[in-house]
Amino acid sequence: MFSEMPQGLAGSLDAVTEKPGPGDLPRGLPNQCYTDHTYHAYEQETVFAESWACIGFAKDVPETGDVFPVELAGRPLFMVRGRKGEVRVFHNACRHRGFTLVDEPKRCKGVVTCPYHAWAYGLDGSLRSTPMIGGPDKHEIPDFDKKQFGLREVRSFVWLDFVFVNLSGNAAPFEEENAILLERWKEFENAPLFHGGDNSTVHFDLACNWKLAIENFCEAYHLPWVHPGLNSYSPIEMHYNIVEWAKFSGQGTRNYSPRLTEDGARFPRLSGLSEKWDTGAEYIAVHPNLMIGVHKDHIMGVLVTPDGTARTLERMELYYFSEEARGEGYSELRKAAQKGWQEVFAEDRFAVEGMQKGRHSPGFDGGVFTPVQDPPTHSFHAWVAGRLKRSQTDARIAAE
Ligand code: FES
Ligand SMILES: [Fe+2]
């Protein structure tokens, strides 16, 4: 599906995608990318629908038959746990009259039944039954081939516990698109992940564009002023930038040594990790909309969902590396970890919401990326701008 790039935008994108040279002071995306509804619609169709975007967590569908509705770029979808334990994603619309099949998370007994006329679909999306389709007591009719009316599946991929989809079907395979990142965090690839339960989830509803949440996550520059507490034990000078130009970016710390409770208790460490992770942790934004932190004792994932130009929903989930860590013995520690993350993200609220307000000012023109502190943010802008431009190229080729 192609839509047109809003007028006047193309000219600002080249400056954003160019990798800066020494002495350059590059500009960021212009205000319209944060405030304009036409732009937002275009961004949904390009940046979100054509990429591998995150829609949820595999733990949301723990058992065979579990379904969980989500939405991406305006499309209703649902995740389902299939018979072989796999997670699949389907368009959430009955093939008969388009009724929304799944409106809340639940466990289905073998089939997903449409509430309207009770057509039933297998967990693999195939249409299984069409009650009374030919009148009372007549559940089949000639010339109606059920095989043609299975649910439309969406291309999906689960990495760690994060569920990604590519709506357009045109993106390179997930592992190819994210090869460098997967290699960087290979040590966590097969980690056993145990979600900590109710006290390991945090939600935020922010009055800002989704990109500002990502941008703020990528940088460590604001630490001393926005997170004085965090900065006291993990100071800015212990942080480093992570920039894989126009692919992914974030920050790392060399000083990860959490003291969550007075008694100094610790979560079990993931076995087999190299020394780097003894005191190191890394925080990377997987574009467009997933923020992940990896540590020796837990993984933190935040799903970032835009709701229009100026509202963003964040859902954070915390995972530990052993069954034990989600047991009663660790509940105080889990609560402390949840509180710690909750506080840090709450401190960030004023930053992202303040930047959003500034995006309405004619006195702001995309700002400036300074060479030492801002490369991770610039890299994210370059990725976004690259997606916007690439989509135009695709549209041109398709039209020729
Ligand atoms: S709309 Fe689903 S069975 Fe008719
Ligand atoms: Fe922050």
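Residues numbered from 1 in each chain as written. Chains lettered and ligands numbered in written order. Predicted model: local features only at pLDDT ≥ 70, side-chain atom pairs only at ≥ 80, totals over all residues.

Caption draft 1: Molecular detail of the packing of helix α6 (residues 210–218) against helix α10 (residues 331–358). Closest axis-to-axis distance for the α6/α10 pair is 9 Å, and the angle between their directions is 130°. As far as their axial angle goes, α10 and α6 are oblique. Of the two elements, α6 crosses α10, and the hand of that crossing is right-handed. Residues Leu-212, Ala-213 and Asn-216 of α6 lie in contact with α10, whose contacting residues are Asp-348, Ala-351, Val-352, Met-355 and Gln-356. In the contact of α6 with α10, the residues fall into five nonpolar, two polar and one charged. (Axes fitted to C-alpha atoms, helices over the stretch in contact; angles between N-to-C directions. Helix = DSSP H or I, 4+ residues; strand = E, 2+ residues; numbered from the N terminus. Parallel < 35°, antiparallel > 145°, perpendicular 65-115°, else oblique. Left-handed = near helix turned anticlockwise from the far one by under 90°. Contact = placed C-beta atoms within 7 Å. Nonpolar A, V, L, I, M, F, W, Y, C, P; charged D, E, K, R; others polar.)

Caption draft 2: Fine view of unusual backbone geometry. Note that the residue after His-287, namely Pro-288, is joined by a cis bond; omega there is 5°. On the secondary structure map, Pro-288 appears in the loop between β15 (281–286) and β16 (290–294). You will see that Met-132, though not glycine, has its phi angle at about 60°, which is positive. Structurally, Met-132 is set in the loop between β8 (127–129) and β9 (153–159). In the Ramachandran plot, Asp-137 falls in the positive-phi region, its phi being about 70° despite a non-glycine side chain. Positionally, Asp-137 belongs in the loop between β8 and β9.

Caption draft 3: Inspection of α6 at higher detail. Among the nine residues in α6, nine count as buried, and that is most of the element. Taken together, the buried positions of α6 are occupied by Trp-210, Lys-211, Leu-212, Ala-213, Ile-214, Glu-215, Asn-216, Phe-217 and Cys-218. (Buried ≥ 20, exposed ≤ 12 C-beta atoms within 10 Å, placed from the backbone.)

Caption draft 4: Spotlight on the domain arrangement of the protein. Segmenting the protein into domains produces domain 1 (53–158) and domain 2 (173–378). Between domain 1 and domain 2, the residue contacts involve six residues of the former and seven residues of the latter. For the side of domain 1 that touches domain 2, the leading source of residues is strand β1 (residues 53–57), giving four residues. For the side of domain 1 that touches domain 2, the per-class residue count stands at four nonpolar, one polar and one charged. (Domains from an automatic or database assignment.)

Caption draft 5: View of the sheet that holds strand β7 (residues 120–122). Pairing is antiparallel in the open sheet, where three strands are placed in the order β6-β7-β8. Here the strands that pair on one side only, and so sit at the sheet edges, are β6 (111–113) and β8. Taking the axes of each pair of neighbouring strands and ignoring which way they run, one obtains an average angle of 40° across the sheet. Of the pairings in the sheet, the one linking β7 to β8 comprises two bridges and is antiparallel in character. Paired with Tyr-121 across the bridge in β8 is Leu-127. (Pairing = 2+ DSSP bridges.)

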